[in-house]
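Remarks on the overall topology
The residues making up each chain are set out below.
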Amino acid sequence: MHHFSPEVDRFAAEVFAFALRRASEDLGHIELGHPLSPAELDAAAGATVTQAGLGAREALRLFTDVLEPACLSTDSQHYLAFVPAAPTEVSILADLAVSACSIYGGSWQEGSGAVWAENQALRWLADLAGLPPEAGGCFVAGGTIGNLSALVAARASAGAPPSGRRRALVVGGASHSSLATAAEVMDVDLLVAPGDRLTGAGLERVLAEEGERVFAVVATAGTTNLGLIDELRSVAEVCQRFAVWLHVDGAYGGAALAAPSVRRRFDGIEQADSFIVDPHKWLFAPFDSCALLYRDPERGRSAHSQHASYLDVLTEGADWNPSDFAIHLTRRARGLPFWFSLAAHGTAAYSEAVETCLRTVAEGAELVRGADHLELVCEPELSVLAFRRVGWSAAAYRTWSDELLRRGTAFVVPSAHASEPILRCCVVNPRTTADDLQVVFDSLA
Ligand SMILES: *Cc1c(COP(=O)(O)O)cnc(C)c1O
């Protein structure tokens, strides 16, 4: 197997041709894809893991003809559900180059060049947030691991709880589901301050009652459902007064720090003790990549460094080892495709691309206001457009959503707000236009 045979040579040409075709395709016309059932995939692909092997080219044929079409194209400009993806062409192709090199991204000794470049990308994010020069961290797989890792560091930093009390963290009513998961995994209580937006006043009420057992407050900078930003300034002020760790979850919305038109809504984020943003969401990088930053990286390191005789050679020195800052050890250099794109295009192009998405959603909101059959759930603050089809039930939304995907028109799924079904379009793809949104709105008439 470990041999560059003529068969592998032909395989290489086909892989590169496929990747080039996919990366250069007009994403306006790309197939959205369709989920298939296990039985349909069994029928289409048959037994694939066999004693003799299928050969690489046959495996590639199965991938291009059967498997990949059964995966949705999250980078299609018509994919508007959940939080889509819009990796730049450079970041996708750079990912191929990174994959070719077997880089171990966990330690400085093994991956110094990659880690150095990743740290430059982290520095740009830290500067956008206004974190101090010593801030730093690493890239992890996603916001879920980023949030958990930051909160584990927060708990370690807080020390022992008052005797007999369970530790707790505070989140806003619209915080991401990964925070409930983090609380479960950490076996701590989750205190939810009610409302769509965490405010200093709301937080103060919770801390006045429960303050001494609270080790962290999580503010969300861009809620997943409606795209709202918590009141970071007042929340940060209360956290300082109560001497509680402030973590800012910007997995989706943190990208908008790069957009001058909305930057002031993030004021207060510079007080965060930790902060995450997912480049695989709105910073145009491929899956999977979450930037995790600590105001004081030593707190991350002392919580997360793994110690063992076989690791001491790496961890005893002062080297910057990404493995020291989160719940992981072996690590793909998953910040490198993001760095490539940032280095290639420059930060101004990033600001402009985020602004483009904001403008598209503002135009979309205007279209909703002008349509009798639609109404806004709230004014969009970032790039989530949340709206209702007047008079429709949850079941009607689901039927419509399935049909829209079946026809390959767009991918939009129902959500809910205040116990009512709603629709949301999340635009993180600069190729998505107001005309694309209009097509969705028209299909609801
Ligand atoms: C998406 C999201 C997460 C989780 O990130 P993953 O990368 O999917 O693990 C956490 N918080 C917010 C606000 C999100 O939008």
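Our structure is the block above this text.
What counts as what
- Residues numbered from 1 in each chain as written.
- Predicted model: local features only at pLDDT ≥ 70, side-chain atom pairs only at ≥ 80, totals over all residues.
- Heavy atoms only, no water.
- Near = heavy atom within 4 Å.
- Polar contact = N/O pair within 3.5 Å; in protein donor to acceptor, adjacent residues only side chain to side chain.
- Helix = DSSP H or I, 4+ residues; strand = E, 2+ residues; numbered from the N terminus.
- Nonpolar A, V, L, I, M, F, W, Y, C, P; charged D, E, K, R; others polar.
- Salt bridge = Lys/Arg side-chain N within 4 Å of Asp/Glu carboxyl O.
- Buried < 20%, exposed > 50% of the residue type's maximum accessible area, 1.4 Å probe, protein only.
- Pairing = 2+ DSSP bridges.
- Axes fitted to C-alpha atoms, helices over the stretch in contact; angles between N-to-C directions.
- Parallel < 35°, antiparallel > 145°, perpendicular 65-115°, else oblique.
- Contact = heavy atoms within 4.5 Å.
- Lys, Arg positive; Asp, Glu negative; His and termini not counted.

Neighbouring residues of the ligand: 14 residues in total, closest G143, T144, D249, D278 and K281. In this structure, an oxygen atom belonging to the ligand sits 2.7 Å away from a main-chain N or O atom of G143. The side chain of D278 places a nitrogen or oxygen atom 2.6 Å from an oxygen atom of the ligand. At the level of elements, α6 (143-158) and α10 (279-282) are the ones that each hand at least two residues to the shell around the ligand. For the shell around the ligand, the element with the most residues is α6, which contributes three residues. The class makeup of the residues in the shell around the ligand is two nonpolar, nine polar and three charged.

Summed over the entire model, instances satisfying the criterion amount to 32 salt bridges. E68 is paired through a salt bridge with R22; the nearest N and O atoms lie 4.0 Å apart. Here the residue E68 occupies a position in the loop between α3 (56-67) and α4 (89-99), and R22 occupies one in helix α1 (residues 6-24), the gap between them amounting to 46 residues. The salt bridge partner of R22 is D75, with a shortest N-O separation of 2.8 Å. Of this pair, R22 sits in helix α1 while D75 sits in the loop between α3 and α4; the two residues are 53 residues apart in sequence, bridging distant segments of the chain. The exposure classification of R22 matches that of D75, with both residues buried.

Spatial ordering of the open sheet is given by β1-β7-β6-β5-β4-β2-β3, a layout of seven strands whose pairing is mixed. A single partner strand is all that each edge strand has here, and the edge strands are β1 (136-140) and β3 (189-193). Going across the sheet, the axis of each strand differs from the next one's by a mean of 20°, ignoring polarity.

Turning to the environment of V15, a few remarks are in order. Here V15 shows up in helix α1. Judged by its relative accessible area of 25%, V15 is partly exposed. Sequence-wise, V15 and L60 are 45 residues apart; in three dimensions their C-alpha atoms are separated by 7.6 Å.

A few words on the packing of α6 against helix α11 (residues 297-304). Remark: α6 packs on α11, axes separated minimally by 9 Å, with the N-to-C direction vectors making an angle of 90°. The angle between α6 and α11 falls in the class roughly perpendicular. Judged by residue contacts, S149, V152, A153, A156 and S157 of α6 engage R299, G300, A303 and H304 from α11. Class assignment of the residues belonging to the contact of α6 with α11 gives a composition of four nonpolar, four polar and one charged.

Between F287 and D288 the backbone carries a cis peptide bond, its omega angle lying at -10°. Here D288 shows up in the loop between α10 and β7 (290-294). You will see that F82, though not glycine, has its phi angle at about 50°, which is positive. In this fold, F82 is placed in the loop between α3 and α4. For F82, a relative accessible area of 46% translates into the label partly exposed. Even without being a glycine, A243 presents a positive backbone phi close to 55°. Assignment of secondary structure puts A243 in the loop between α9 (232-242) and β5 (245-249). Residue A243 is classed as exposed on the basis of its relative accessible area of 69%.

Structurally, R424 is set in strand β11 (residues 420-426). It turns out R424 is buried and unbridged, and the closest side chain with the opposite charge, D196, is 12 Å from it. Of note is the side chain of R424, whose polar atom sits 3.0 Å from the backbone oxygen of F82. Engagement of the side chain of R424 in a polar contact is seen with the backbone oxygen of T224, the distance being 2.7 Å. Once residues within four sequence positions are removed from consideration, R424 is found in contact with L80, A81, F82, V83, T224, N225, V384, L385, A386, V412, V413 and S415.

Here the focus is the packing of helix α13 (residues 336-345) against helix α14 (residues 347-369). Two elements in contact, α13 and α14, have axes whose closest approach is 6 Å; the angle formed by their N-to-C orientations is 105°. Taken together, the axes of α13 and α14 lie roughly perpendicular to each other. Of the residues in α14, those touching α13 at F338, S341, L342 and H345 are T347, A349 and Y350. When the residues that make up the contact of α13 with α14 are grouped by side-chain class, the tally is four nonpolar, three polar and no charged.

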